[in-house]
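# Summary of the model geometry
Listed below are the residues making up each chain.
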Amino acid sequence: MICTNHQATCSCTRRSSWRHGGCFLCLSCGGAGEFSIPGQCKQPCGLPDKIHALFAIQFRQYCHQFHGDNFSPRSPWWLSSRCLHYNLQNIPDERCNRILASAHSPCQELVGAKAVILFAGLYLVALGVGGIKGSLPPHGAEQFDETTPEGRKQRSAFFNYYIFSLSFGALMAVTCVVWIEDNIGWQWGFAISAATILISIPVFLLGSSTYRVKTPTGSPITTMFKVLAASIFNSCKSRKPTNAVVVSMATSPSHREPEDAEAKGKEPSQTLTVHLGFLNRAAMKNPSYPMLQCTVNQVESVKTVIKILPIFMSTIILNCCLAQLSTFSVQQAATMNTKLGSLRVPPASLPIFPVLFMMILAPVYNHLVIPFARRTNKTEMGITHLQRIGTGLVLSIMAMAVAALVEVKRKKVAAESGTIDSAGPLPITFLWIALQYLFLGSADLFTLAGMMEFFFTETPRSMRSLATALSWASLAMGYYLSSALVSIVNNITGTFSATPWMSGSNLNCYRLEGFYWLLCVLSGINFLNYLFWATRYSYRST
């Protein structure tokens, strides 16, 4: 093909081309070809040229990605992309040249002050989010009178709508803010987020005069370590008759907090129980170290937190399953047809599905499911906290089974259509992926809201913030477990086969359905473990 202006030559045995100005540009060469440039081809840089320049960048990236080592200076793919790139690179417009130059500039590592600013911002966000999510739920729940049935019902509704509010914020983030970042600039996305947080501060402070505020009584973590240390040191001390326990051992005390104590925000007096009896040594009259002297209330509070830890541990596998929503599920959707009519949905926007499901299910659960359960069971709660958490765990098992079946169908379509090695979308709609999003979103709603209300109601006042924060700790541990599982599975499968299950650039060659079945089995075992502890748990109010 000849550039009629300056004799730029690109000959191909198999090719497709388009005419740009006076130059034919070779887009793809499937056979041998030669390339020579005796001159330059210059054209004014208008909007079409910018589009062509961007196409050249994408074309070269495609060749590098899918042809690897074959993309060499003697390769027909290199010849065709170089021909296209050359004709556009010499267009005398600085904006076009900047676009083309950016395609070849390597990523620059952040060092010095820029790195400090970046990581300081990330850690400040983590610190702020951790503080808000750990403090806001217990603060909001304490605004309701838990001594009356109506107040307890309102508190339960608060946790449901707290999840609804989180989902609404996530909806805005994955739609409006993402669009602004992609089309206007990342700085505007960050600016909007910062401005929203800034506005929320005076809005929150407007209610200061009406808030019911709990008086701080010290760090619950300090109390836990103090009780544990005191019980260990006192156990090592020689037992003497003078080392009697402060109070008698009550085998079945009432843990129901008196209404006057609740109203005043004080911890009611308790008696030591035989449950976790080794901790009772922390309340001895003559401890090994006077600074480790613990009260009965402190000992019983630590016992309560330890009792809920098995329930907390049972939710980590669920959050490991939730981690797939932002990892493999997005990659699956990227290989499928993401069109809805004339609208093409970016795969990165798929988290909108669980967010929408949670926003719909939260009011439905609060206004339809709970009232029906209360009338059916003739109880105040209708559905207990542990039943709600268990429902979420069952839904997570179903979600992983559905995810495995959808992956089997996706790979079957790829094999039947002969597009296993193709980079194009498969002839199957991405809405199949929405099924696992539906189950996992529902599981998240049931379990997260149930956990927060369970931890809040089952722990004493001094431990409520710590216990509620366990919900978010479970989420973080689940995501870490997901990464660890992927590494473990790849190491094991790579030992017994030529290729690990989840390795390489072609998702169609993954054994992703096997990983999903593994998560399904682990979730089933985890549910049995949960049943073991949940059936043996006794609520504080009973």
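Cut-offs applied
Residues numbered from 1 in each chain as written. Predicted model: local features only at pLDDT ≥ 70, side-chain atom pairs only at ≥ 80, totals over all residues. Heavy atoms only, no water. UniProt positions renumbered as here; feature names shortened; annotations may be inferred. Helix = DSSP H or I, 4+ residues; strand = E, 2+ residues; numbered from the N terminus. Contact = heavy atoms within 4.5 Å. Areas by Shrake-Rupley, 256 points an atom, 1.4 Å probe, with all protein chains shown as cover. pLDDT = per-residue confidence, 0-100. Salt bridge = Lys/Arg side-chain N within 4 Å of Asp/Glu carboxyl O. Buried < 20%, exposed > 50% of the residue type's maximum accessible area, 1.4 Å probe, protein only. Expected span 1.5 Å × (residues − 1). Bend = angle between axes of the 7 residues up to and from the residue. Core = buried A, V, L, I, M, F, W, Y, C linked by side-chain atoms within 4.5 Å. Axes fitted to C-alpha atoms, helices over the stretch in contact; angles between N-to-C directions. Parallel < 35°, antiparallel > 145°, perpendicular 65-115°, else oblique. Left-handed = near helix turned anticlockwise from the far one by under 90°. Nonpolar A, V, L, I, M, F, W, Y, C, P; charged D, E, K, R; others polar. Patch = residues over 30% accessible without salt bridge, like charges linked within 9 Å, V, L, I, M, F, W, Y side chains within 5 Å. Disulfide = S-S within 2.5 Å.

Per an unreviewed UniProt entry, the recorded name for the protein chain is Protein NRT1/ PTR FAMILY 4.6-like isoform X5, and the organism is Rhodamnia argentea. Per UniProt, the protein chain has the following entry under Sequence similarities (unreviewed entry): "Belongs to the major facilitator superfamily. Proton-dependent oligopeptide transporter (POT/PTR) (TC 2.A.17) family." Its UniProt record gives the protein chain a comment under Subcellular location (unreviewed entry), which states: "Membrane".

### Some details on the overall build of the protein chain
A tally of helices and strands in the protein chain yields 16 helices and six strands. Residue pairs in contact within the protein chain that sit at least 24 positions apart in sequence constitute 73% of those at least 6 positions apart. Surface exposure of the protein chain reaches about 28700 Å², of which carbon and sulfur atoms provide 66%.

### With respect to the confidence of the model for the protein chain
Of all residues in the protein chain, 73% have pLDDT values of 70 or greater, and the mean over the chain is 74. Mean pLDDT in the protein chain bottoms out at strand 4 (residues 33-36), which sits at 36, and peaks at helix 16 (residues 512-534), which reaches 94. For the stretch residues 1-93, pLDDT sits under 50, and the model shows 158 contacts to residues farther than four places along the chain or on other chains. Predicted confidence is poor over residues 241-265, with pLDDT under 50, and the contacts of this stretch with residues over four places away or in other chains come to 50 contacts.

### Remarks on the pattern of salt bridges
As enumerated under the stated definition, the model contains eight salt bridges in all. Measuring nitrogen to oxygen at the nearest pair gives 3.2 Å for the salt bridge that ties Glu300 to Lys303. Of this pair, Glu300 and Lys303 both sit in helix 9 (residues 296-314), three residues apart, which is roughly one turn of the helix. Both residues of the pair, Glu300 and Lys303, count as buried.

### Considering the UniProt feature "transmembrane region" (unreviewed entry) in the protein chain
Annotation from UniProt places "transmembrane region" (unreviewed entry) at residues 157-180, 186-206, 308-328, 348-368, 389-406, 426-448, 469-494 and 514-533. Secondary structure across residues 186-206 divides into 95% helix and 0% strand, with the first and last C-alpha atoms of the span separated by 31 Å. Strand forms 0% of residues 308-328 and helix 71%; the C-alpha atoms that close the span are 32 Å apart.

### Digging into helix 5 (residues 149-183)
For helix 5, which comprises 35 residues, the first-to-last C-alpha distance of 51 Å matches the rise-based estimate of 51 Å (1.5 Å per residue) to within 8%. A maximum bend of about 35° is found in helix 5 at Ala173. Immediately downstream of helix 5, the backbone of Gly185 shows phi near 160°, a positive value.

### Quick word on unusual backbone geometry
Non-glycine residue Lys378 carries a positive phi angle of around 60°. Take Lys378: it is sitting in the loop between helix 12 (352-377) and helix 13 (385-416).

### Things to note about the nonpolar core
Ranked by internal contacts, the top residues of the largest apolar core, which has 74 residues, are Phe454, Phe515 and Tyr516. When residues no more than four places from it in sequence are discounted, the contact partners of Phe454 are Ile308, Ile311, His385, Leu386, Ile389, Tyr537 and Tyr539. Listed in part, the 15 residues of the second largest apolar core include Met224, Ala230, Leu272 and Val299.

### A word on the packing of helix 4 (residues 112-141) against helix 5
Running from amino to carboxyl end, helix 4 crosses helix 5 at an angle of 150°, the nearest separation of the two axes being 9 Å. The orientation of helix 4 relative to helix 5 falls into the category roughly antiparallel. Handedness of the helix 4/helix 5 crossing: right-handed. For the pair helix 4 and helix 5, the contacting residues are Lys133, Leu136, Pro137, Gly140 and Ala141 in the first and Arg155, Phe158, Phe159 and Tyr162 in the second. Its residues assigned to classes, the contact of helix 4 with helix 5 comprises six nonpolar, one polar and two charged.

### Considering the environment of Gly277
Along the chain, Gly277 turns up in the loop between helix 8 (259-264) and helix 9. The spatial distance from the C-alpha of Gly277 to the C-alpha of Lys303 is 9.3 Å, given a sequence separation of 26 residues.

### Some thoughts on a nonpolar patch on the surface
Taken together, Ile132, Leu136, Leu198, Ile201, Phe204 and Leu205 make up a surface patch of nonpolar side chains, about 560 Å² in accessible area. Of all elements in the fold, only helix 4 and helix 6 (186-205) reach the threshold of two or more residues within the nonpolar patch. Per-element tally for the nonpolar patch: the top contributor is helix 6, with four residues. For Leu136, the position within the fold is in helix 4.

### Concerning the state of the cysteines
For the coordinates displayed, the defined rule picks out zero disulfides. There is no disulfide at Cys321, and the cysteine sulfur nearest it, in Cys320, is 5.8 Å away. Classification of Cys321 as buried rests on a relative accessible area of 0%.

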